[in-house]
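This is what each chain is made of:
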Amino acid sequence: MCGIIGYIGKRDAFPIVIKGLERMEYRGYDSAGVAILDGSLHVFKKKGKVADLYNFAKDSAPHGSIGIGHTRWATHGIPNDVNAHPHLSESGKIAIIHNGIIENYAVLKDALLHAGHTFKSETDTEVLVHLIETIKEKDTLSLFAAVQQALTQVVGAYGIVVMDETDPDTLVCARKGSPLVLGIGNEEFFIASDASPIVEYTKKVVYLENDQIAELKRNGEYKIETISGTPHTPFVEELTMEAEAIGKEGYDHYMQKEIFEQATTIHDALRGHILPDLSVHLRGVEEMIASFNGARRLIITACGTSWIAGLVGEYFIENLARIPVEVEYASEFRYRNPVLDERDIVIAISQSGETADTLAALELAKARGAKTYGIVNAVGSSIARMTDAGSYMHVGPEIGVASTKAFTGATIVLALLALLLAKDRSTLDDSAYEQLVTSLEKIDAQIADVLATEKQIIEIAERIKDKDNALFLGRGILFPVALEGALKLKEISYIHAEGYPAGEMKHGPIALVEADFPVVVVATNKELLEKVISNVQEVKARGALTIGIVREGDTEAKKIFDYTIEAPNSEELWMPILSVIPLQLLAYHVAVLRGLDVDKPRNLAKSVTVE
Ligand code: AGP
């Protein structure tokens, strides 16, 4: 879950590596470090953010043109200067950075300790570089061959870059589980955990596949092999993203920018999928239409916010296409020995396309013969390349750790999927279908109205910013929106918020409610409004501070809440897309008012590439 950067070429490596780490920081920010080779290895490591590292190193940074850098999400060993990467071999001449977990590091470490090695850190990574040097010296191998051999002894996940003081014209990198992208420049190479730090230098990239190792030479030559030694012909792809897309464009935070981008990103997620005749097209689904129609059920698997988007998708698909859907936490599904076979389709939802648990759930699905479909944002990511077919969300790079535009992006793709299947299976009459399609097409234009409620939302944020707890309630298709509102508030403001089906309150959670206890209710579904209103009465009776997301013009509902935010009207099924945005803004402003780091909340990382 760390961020990795590497550079070899003619330019000064230090500024390139530091800038790359700033771009990668959303992947982990417990500590950061760089190693630059300029005749000898120069290593700088610091607990905390990349800015702390830069201030620590900038005055003494060497001008070598080969370097590696790492920003850490701690797994083994507490966040401190010693456990920060890069780590060095026994002689101090080989440096390594690593994203992932070496599960058998203790066994390897024991053997090396018996051989007289001494270790400075508590990390699994330091063990690997000691092993590499041991093999290199014992068999007088090249750096590439030594790394390759060492990795045959490793159990676990890794994205690594290795640099050797005695071989200043070579960088070696390898991956298994954790992502690595190579940027192919003119007699220079860039290595990164994803393409965002590379795009400003080159659009030509190679996505390293699992169990592959690459040797990059200063003269522009490079080779890729499998860990077991089989040569591989690199597949060079052209990046589509623009460097500008990864800037804050004048906003204070990436999360704020990504919330305000949703009119455009929803438009982009819809673009080209609905034709003037109101037919819906998703190439991936159309390629697998027979499988979808013959499927015993669809199993949606994901983590975090993507899992919650899956819950909304369950409502869409079951209501419109009448295909049974199950939604599974990927981290549970992968170990649950589920009943699964070729009659099932497993749909993986992921913004990053690199989430380890979701990848493992897909591997299980494939092993059991199920068909797989991906709904992913990151172009070229592992999940996108692993599934039988899929659809991109097209919401652009999402950098804020708290996912926002990818949630609405995923729900749009799920809505298109449900409509396409409904049409193909004739489970909807034409007028209902047309009404749903035309209202979906209008959603992007309605986002501005939601964003215009920001002033009221800031007032509510002021009111609850000092609270320690909060409850979010919703019924039916809005229950997942309550879950998402609670997750956003938890993630970035550290207020302990729980999302619940409103009808579930009286079976326990209502015991938490006391005077002025914040209860946020998503009350934008007409069909269940009365039920929701009685649930609000129940918490009001215990003195709760009630905040309601209501439909525009719903004067009845407005009366009952202490505070209300109006969401524009749309079809019942599409209300989650419009109702979630006020909750994204609420969490954002509470976190800002609490003076917290909105884009890099504590203990989190944008892409969870370890189990
Ligand atoms: C959401 O705000 C979080 N960042 C997290 O729950 C995230 O949704 C989860 O880790 C899944 O990530 P993915 O969509 O990239 O697979």
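The text that follows walks through the structure, step by step, so that each part is easy to find.

With respect to spatial proximity, 14 residues lie near the ligand, and among them S306, S350, Q351, T355 and E491 are the closest. Contacts to the ligand include S350, whose side-chain N or O atom sits 2.6 Å from an oxygen atom. A distance of 3.1 Å is found between an oxygen atom of the ligand and a side-chain nitrogen or oxygen belonging to K488. Coverage of the ligand by the protein amounts to 91% of the 400 Å² it exposes when considered alone. Counting residues per element, the ones that place at least two in the shell around the ligand are α10 (304-321) and α17 (479-493). No other element matches α10, which puts three residues into the shell around the ligand. Broken down by class, the residue content of the shell around the ligand amounts to four nonpolar, eight polar and two charged.

Running from N to C, helix α15 (residues 430-451) and helix α20 (residues 575-593) point in directions that differ by 30 degrees, and their axes come no closer than 10 Å. The angle between α15 and α20 falls in the class roughly parallel. Between α15 and α20 lies a crossing whose hand is right-handed. Of α20, the residues touching α15 (which contributes L440, I443, Q446, I447, V450 and L451) are I577, L578, I581, P582 and L585. Of the residues in the contact of α15 with α20, the class split is 10 nonpolar, one polar and no charged.

To continue, consider the packing of aromatic side chains. Following the criterion strictly, the structure yields nine aromatic pairs and no others. On the basis of an interplanar angle of 65 degrees and a centroid distance of 5.3 Å, the ring pair of F189 and Y222 is categorised as edge-to-face. Of this pair, F189 sits in strand β10 (residues 189-192) while Y222 sits in strand β13 (residues 222-226); the two residues are 33 residues apart in sequence, bridging distant segments of the chain. Given a relative accessible area of 2%, F189 falls into the buried group. Between F190 and Y201, the aromatic rings sit 4.6 Å apart at their centres with planes inclined by 10 degrees, giving stacked as the arrangement. Placement of F190 in strand β10 and of Y201 in the loop between β10 and β11 (204-207) is noted, with a sequence separation of 11 residues between them. What makes Y201 partly exposed here is its relative accessible area of 21%. Of the aromatic side chains, those joined through ring pairs into one cluster are Y7, F190 and Y201. Directly above the ring of Y433 sits K423, whose terminal nitrogen or CZ lies 4.5 Å from the centroid.

Another point: the pairing of strand β6 (residues 94-102). β6 sits mainly inside the fold: nine of its nine residues count as buried. As judged from the two bridges shared by strand β5 (residues 87-88) and β6, these two strands associate in the antiparallel manner. Across the sheet, the residue bridging to H87 is I96, located in β6. Between β5 and β6, which pair antiparallel in sequence order, lie five residues; one of them, G92, sits at a positive phi of approximately 80 degrees. Bridge count for β6 against strand β7 (residues 156-164) is nine bridges, and the pairing is antiparallel. From the neighbouring strand, I97 faces β7, where its bridge partner is V161.

Spatial strand order, β17-β16-β18-β19-β20: five strands in an open sheet with parallel pairing. Two strands lie at the open edges of the sheet, namely β17 (325-329) and β20 (389-392), each paired on one side alone. Each neighbouring strand pair of the sheet contributes to a mean axis angle of 20 degrees, computed without reference to strand direction. Pairing of strand β16 (residues 297-302) with strand β18 (residues 344-350) involves five bridges; the strand directions are parallel. Bridged to I299 within β18 is V346. Across the face of the sheet, helix α12 (residues 356-367) comes into contact with β16, β18 and β19 (371-376) while running at roughly 165 degrees to β18.

What counts and what doesn't
- Residues numbered from 1 in each chain as written.
- Predicted model: local features only at pLDDT ≥ 70, side-chain atom pairs only at ≥ 80, totals over all residues.
- Heavy atoms only, no water.
- Near = heavy atom within 4 Å.
- Polar contact = N/O pair within 3.5 Å; in protein donor to acceptor, adjacent residues only side chain to side chain.
- Areas by Shrake-Rupley, 256 points an atom, 1.4 Å probe, with all protein chains shown as cover.
- Helix = DSSP H or I, 4+ residues; strand = E, 2+ residues; numbered from the N terminus.
- Nonpolar A, V, L, I, M, F, W, Y, C, P; charged D, E, K, R; others polar.
- Axes fitted to C-alpha atoms, helices over the stretch in contact; angles between N-to-C directions.
- Parallel < 35°, antiparallel > 145°, perpendicular 65-115°, else oblique.
- Left-handed = near helix turned anticlockwise from the far one by under 90°.
- Contact = heavy atoms within 4.5 Å.
- Phe/Tyr/Trp six-rings, centres within 6.5 Å; stacked < 30°, edge-to-face > 60°.
- Buried < 20%, exposed > 50% of the residue type's maximum accessible area, 1.4 Å probe, protein only.
- Lys NZ or Arg CZ within 6 Å of the ring centre and 35° of its normal.
- Pairing = 2+ DSSP bridges.

Scope: geometric values only; no functional claims are made or implied.
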